[in-house]
Amino acid sequence: MITAKTKITGIFGDPVEHSLSPIIHNEAFRHLNLDYCYLAFNVKREKLREAVEAIRALQIVGVNITLPHKESVINYLDEISDEANYIGAVNTILNDKGYLRGFNTDAFGFIQSLKEEGVNLQQKDILVLGAGGAAKAIVYGVLKEGGNVYIYNRTISKAEEIKKRFSTLGTIEVLKNLDKSFVKKIYLVVNATSLGLKENDPMPINPTFLNKDIIYCDIVYPNTKLMKETKRIGCKVIGGLGMLIWQAANAFEIWTKQKAPVERMKKILNKFLTKR
Ligand SMILES: NC(=O)c1ccc[n+]([C@@H]2O[C@H](COP(=O)([O-])OP(=O)(O)OC[C@H]3O[C@@H](n4cnc5c(N)ncnc54)[C@H](OP(=O)(O)O)[C@@H]3O)[C@@H](O)[C@H]2O)c1
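Since the structure is predicted, the reported quantities are computational estimates derived from the model, not experimental observations.

**Q** Explanation requested: the nonpolar core in the structure shown.
**A** For soluble globular proteins, nonpolar side chains are generally found buried alongside one another. F110 and V139 are the most contacted members of the largest nonpolar core, which has 33 residues in total. Within the residue set of this core, elements represented by two or more residues are helix 4 (106–115), strand 7 (125–129), helix 5 (133–144), strand 8 (148–152), helix 6 (156–166), strand 9 (172–175), strand 10 (188–191) and strand 11 (215–218). Ranked by residue count, the leading element in this core is helix 5, at seven residues. Discounting chain neighbours no more than four positions away, the residues touching F110 are I138, V142, V190, C217, I219 and M243. By size, the runner-up hydrophobic cluster in this structure holds 26 residues, among which are I11, V16, L244 and A249.

Structure follows, in structure tokens:
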């Protein structure tokens, strides 16, 4: 029950109406009997500064930040974690008695979703498709785990920027073209573009370049055309729901200092998605 004492958390984004985060977090609070709630706030670009000020004014415990604010929100925070600083994006804010700390839990979410599938990136070659905000967190996570990164993006200059940002962390190369004989040697291919969200989107990579020995991970959820195609080829396929759950679990722990009930969070998400 929401009472006058209930602590507030939530998400700022635009659009935000499609967000699955309220379902995941509210179930976790309920399960642990924590007097918290999680709400979605549609925040326009020009209102971001006021919305962040409102976190202090309304004593909101913390919020997640999604598109298009993950980078610009940094300007309004008191401090950001080393990880968020490296990645250049914040997706979680903690209100510590009016002092706002920013974190990035996407890299952790991505790596954890691979680990639970038994995937170890140490000294492996990873092909990242895309060079947007999510790709940055993924590249950071892969390099921290000791993997070698190859990035391919429609706009090459954005991939070059990522290389510049992270080159001190490990091996990272930009590909100007994708070629089948090169892709053949890759251990894991990650789709970090937004392609796959819409039914008529082109595929981010030609599926004939892939074979059953390659692991395919698609952070676009729940199920893209290329996920279906790679399953048919016989690849091990990992979807984006794991990353979503684990980044949420990390944010939950930052706000509540309690261990997130991950299995419960997964269960409610699957229930919601199968009902839809
Ligand atoms: N599973 C999760 O927890 C999770 C977390 C974060 C994000 N995501 C998903 O990941 C996706 C990417 O998010 P983001 O924040 O990185 O978005 P973003 O910053 O807007 O980046 C989009 C990327 O997709 C590429 N792209 C878009 N349209 C394309 C096209 N027609 N052909 C080729 N490339 C195209 C862009 O290439 P250009 O640079 O050339 O424009 C860019 O690399 C979204 O679908 C998002 O929902 C999932």
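**Q** Where do I start with the sheet that holds strand 8 in this structure?
**A** Strand pairs in the sheet, formed through backbone hydrogen bonds, run parallel or antiparallel to each other. Spatially, the six strands line up as an open sheet ordered 9-8-7-10-11-12, and their pairing is parallel. Here the strands that pair on one side only, and so sit at the sheet edges, are strand 9 and strand 12 (236–238). On average, each strand axis in the sheet is inclined to that of its neighbour by 20°, with strand direction left out of account. In this sheet, strand 9 lies alongside strand 8 in parallel orientation, the contact comprising four bridges. Within the sheet, the bridge partner assigned to Y150 lies in strand 9 and is E173. Packed onto the sheet, helix 6 meets strand 8 and strand 9 and runs at close to 175° relative to strand 9. Packed on one face of the sheet, helix 8 (residues 225–233) meets strand 11 and strand 12 and runs near 165° to strand 11.

**Q** Please explain the site of the ligand as it appears in this structure.
**A** What surrounds the ligand is a group of 21 residues, the closest being A134, N153, R154, T155 and K158. One nitrogen or oxygen atom from the main chain of A134 is found 2.8 Å from an oxygen atom belonging to the ligand. Relative to its unbound accessible area of 930 Å², the ligand is 77% covered by the protein chains. For the shell around the ligand, the residue count by class is 11 nonpolar, eight polar and two charged.

**Q** Would you mind going over the packing of aromatic side chains with me for this structure?
**A** Inspection of every chain in the model, using the stated rule, returns nine aromatic pairs. Judged by centre distance (5.7 Å) and plane angle (90°), the ring pair of F12 and F41 falls under edge-to-face. Placement of F12 in strand 1 (residues 7–13) and of F41 in strand 2 (residues 36–42) is noted, with a sequence separation of 29 residues between them. Relative to Y140, the ring of Y86 has its centre 5.7 Å away and its plane inclined at 45°; by these criteria the two rings are tilted. Pair noted here: Y86 is in helix 3 (residues 82–87) and Y140 is in helix 5, with a separation of 54 residues, a long-range link. Aromatic ring contacts, followed pair by pair, group F29, Y36 and F252 into a single cluster. In this structure, K124 is placed above the aromatic ring of Y187, and the distance from its NZ or CZ to the ring centre is 4.3 Å.

**Q** Please clarify how the packing of helix 1 (residues 21–31) against helix 10 (residues 262–275) should be interpreted in this entry.
**A** The relative placement of two packed helices comes down to the angle between their axes together with the axis-to-axis distance. Two elements in contact, helix 1 and helix 10, have axes whose closest approach is 9 Å; the angle formed by their N-to-C orientations is 135°. With respect to helix 10, the axis of helix 1 lies oblique. Seen from above, helix 1 lies across helix 10 with right-handed handedness. Together, I23, I24, E27, A28 and H31 of helix 1 and R264, M265, I268, L269 and F272 of helix 10 make up the contact between the two elements. In terms of residue class, the contact of helix 1 with helix 10 is made up of seven nonpolar, one polar and two charged.

Reading the values: rules and limits
Residues numbered from 1 in each chain as written. Predicted model: local features only at pLDDT ≥ 70, side-chain atom pairs only at ≥ 80, totals over all residues. Heavy atoms only, no water. Core = buried A, V, L, I, M, F, W, Y, C linked by side-chain atoms within 4.5 Å. Buried < 20%, exposed > 50% of the residue type's maximum accessible area, 1.4 Å probe, protein only. Helix = DSSP H or I, 4+ residues; strand = E, 2+ residues; numbered from the N terminus. Contact = heavy atoms within 4.5 Å. Pairing = 2+ DSSP bridges. Axes fitted to C-alpha atoms, helices over the stretch in contact; angles between N-to-C directions. Near = heavy atom within 4 Å. Polar contact = N/O pair within 3.5 Å; in protein donor to acceptor, adjacent residues only side chain to side chain. Areas by Shrake-Rupley, 256 points an atom, 1.4 Å probe, with all protein chains shown as cover. Nonpolar A, V, L, I, M, F, W, Y, C, P; charged D, E, K, R; others polar. Phe/Tyr/Trp six-rings, centres within 6.5 Å; stacked < 30°, edge-to-face > 60°. Lys NZ or Arg CZ within 6 Å of the ring centre and 35° of its normal. Parallel < 35°, antiparallel > 145°, perpendicular 65-115°, else oblique. Left-handed = near helix turned anticlockwise from the far one by under 90°.

The analysis is restricted to geometry; functional conclusions fall outside its scope.
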